[in-house]
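If you want the building blocks of each chain, they are given just below.
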Amino acid sequence: MQGKQHLFIPGPTPVPPEVAAAMTRPLIGHRSSEFASLQRSLVAQVKQVFQTENDLFIFSSSGTGAMEAAVAAGVQPGERVLALVTGHFGNRFAAVAERWGARVERLESTWGEPFDLEAVKEALARGPLPKAVLATHNETSTGVVNDIAGLGALLRDTPALLMVDAVSSMGAMDIRTDEWGVDFMLTSSQKAFMLPPGLAFLSVSPKAWQAVEAAAPRSFYFDLLAWRQSGAKGFSPWTPSIALLYGLEAALARLFAEGLPEVWARHRRYARLVRAGLKGMGLELLAADACASATVTAARTPGVPADEVRALARREYGLSLAGGKGKLAGEILRFSHMGYVDELELLGALAVLELAFARLGFPVKPGAAVAAAEEELLTGGGGRG
Ligand SMILES: *Cc1c(COP(=O)(O)O)cnc(C)c1O
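A brief report on the enclosed structure follows. (Residues numbered from 1 in each chain as written. Predicted model: local features only at pLDDT ≥ 70, side-chain atom pairs only at ≥ 80, totals over all residues. Heavy atoms only, no water.)

Throughout the structure, instances matching the rule amount to two cavities of 30 Å³ or more. In this structure, the largest cavity spans a volume of roughly 90 Å³. Of the residues assigned to the lining of the largest cavity, the class counts are nine nonpolar, two polar and two charged. Roughly 40 Å³ of volume is contained in the second largest cavity. Taken together, L7, F8, I9, T13, P14, S336, H337, M338 and V341 make up the lining of the second largest cavity. Here the lining of the second largest cavity is built from residues that sort into six nonpolar, three polar and no charged. (1 Å grid on protein atoms, 1.4 Å probe; cavity = no way out; pocket = protein on both sides within 12 Å on 5 of 7 lines; lining within 4 Å. Points joined across faces, edges and corners; volume = space filled by probe spheres on them. Nonpolar A, V, L, I, M, F, W, Y, C, P; charged D, E, K, R; others polar.)

Structure follows, in structure tokens:
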């Protein structure tokens, strides 16, 4: 394997050089006024990415920490939770709620498809209203986007809390936390935010605060009342990862310099490019166009074990692709196209993947993927932008 790693996995994703450089700056005290102004500025900017006016916290944890923070604060033992499971990460959210003592009902869709709002409506009508509904915006294990706006509309005038995992889409897709009525929205640093793992972001609506304030905190680290109290002073209750916050400052500068709508459009274009390329080399896409993720694409590899082609691509070319998770283990490969990546790199990865398939005897015509990707960009909707 070559020394250089080419990460086309859905996290961690490549880190831009100026973000890496920012993280080497000398540390400051986390109770200093400089820190408070840094944190205030970061929170205000991340809120813009979330499209929210709600309170927002930056945890020094991975994304699962923010899932746990939302569940531990918003749901009490024995309370009913409806978990919409469209893949591996939906299952994880449900498991977190179970661990914290909720009575979880899983409403599972076929993996590779989004949740069905009619089925959600029926599930809501069946029993007493759940305390919370858990959903995944972008199901990273299948490359499917779910209709959170539609789900939010179902719950808006009810007391049920909407908790949404947007770990692999926030920063790359147009996500309207407030307009959609999301009470707890969460994401983390190592995907479209172009940072190493280690930060998670959680927004908390006024409706969510009512539920949080009505019960004694159960998690110590993720005691949201403590986070709110410290946050009001520009601080974090516990020592934060200051270096990652420096990196976040640089990553946000990059996002805003490009412009959020431009960043979203770029990711949509990448998805079209990669989908056309994978199809062009003869793979079967898991998600239909209508629900396709802008950040990650999953495909079946007819006739060739997906894990074998991934292993060969990594060993021979340094190309890292993700595999299937849970019930899709060994069945698919997943190609990430989010964050700090450009068309040259995406086309290069498609070309190398073709070579890997060819070595395993898959009937692929060299150049077919790149030609199909280019054709899509030149003729498909939206153009090269
Ligand atoms: C990556 C990811 C997570 C978070 O995982 P961590 O390893 O805890 O950061 C959660 N949900 C989704 C949809 C993800 O893609």
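Once the structure has been displayed, the description carries forward.
What follows is about the site of the ligand. The ligand sits among 14 residues. The nearest are S62, T64, T140, D165 and K191. At 2.5 Å from an oxygen atom of the ligand is found a side-chain nitrogen or oxygen belonging to S62. Within the side chain of T140, a nitrogen or oxygen atom sits 2.4 Å from an oxygen atom of the ligand. The protein chains hide 89% of the 390 Å² of surface that the ligand would expose on its own. Elements with a minimum of two residues in the shell around the ligand: α3 (63-74) and α4 (88-99). When its residues are assigned to classes, the shell around the ligand shows two nonpolar, nine polar and three charged. (Near = heavy atom within 4 Å. Polar contact = N/O pair within 3.5 Å; in protein donor to acceptor, adjacent residues only side chain to side chain. Areas by Shrake-Rupley, 256 points an atom, 1.4 Å probe, with all protein chains shown as cover. Helix = DSSP H or I, 4+ residues; strand = E, 2+ residues; numbered from the N terminus.)

Let us look at the pattern of salt bridges. Throughout the structure, instances matching the rule amount to 20 salt bridges. Between E249 and R25 there is a salt bridge; the shortest N-O distance is 3.3 Å. Taken together, the residues E249 in helix α9 (residues 242-258) and R25 in the loop between α1 (17-22) and α2 (33-50) connect sequence positions 224 residues apart. Exposure remark for E249: the relative accessible area of 29% places this residue in the partly exposed category. Across the pair R228 and E213 runs a salt bridge whose closest N-O atoms are separated by 2.8 Å. With a gap of 15 residues between them, R228 in helix α8 (residues 224-232) and E213 in helix α7 (residues 206-213) connect regions that are remote in the sequence. Connected through shared salt-bridge partners, R80, E105 and R126 make up one network. (Salt bridge = Lys/Arg side-chain N within 4 Å of Asp/Glu carboxyl O. Buried < 20%, exposed > 50% of the residue type's maximum accessible area, 1.4 Å probe, protein only.)

Within the secondary structure, H6 is located in strand β1 (residues 6-8). In this view, H6 contacts Y317, G318, L319 and S320; residues no more than four positions away in its chain are not counted. (Contact = heavy atoms within 4.5 Å.)

This part covers the pairing of strand β10 (residues 200-204). Burial of β10 is extensive: five of the five residues sit out of reach of the surface. Residues A200, L202 and V204 of β10 are buried on one face, and the alternating residues F201 and S203, pointing to the opposite face, are buried as well. In this sheet, β10 lies alongside strand β2 (residues 55-59) in antiparallel orientation, the contact comprising five bridges. Across the sheet, the residue bridging to D55 is V204, located in β10. Sheet analysis places strand β9 (residues 184-188) next to β10, joined by five bridges and oriented antiparallel. Opposite M185, over in β10, you have S203 as the bridge partner. (Pairing = 2+ DSSP bridges.)

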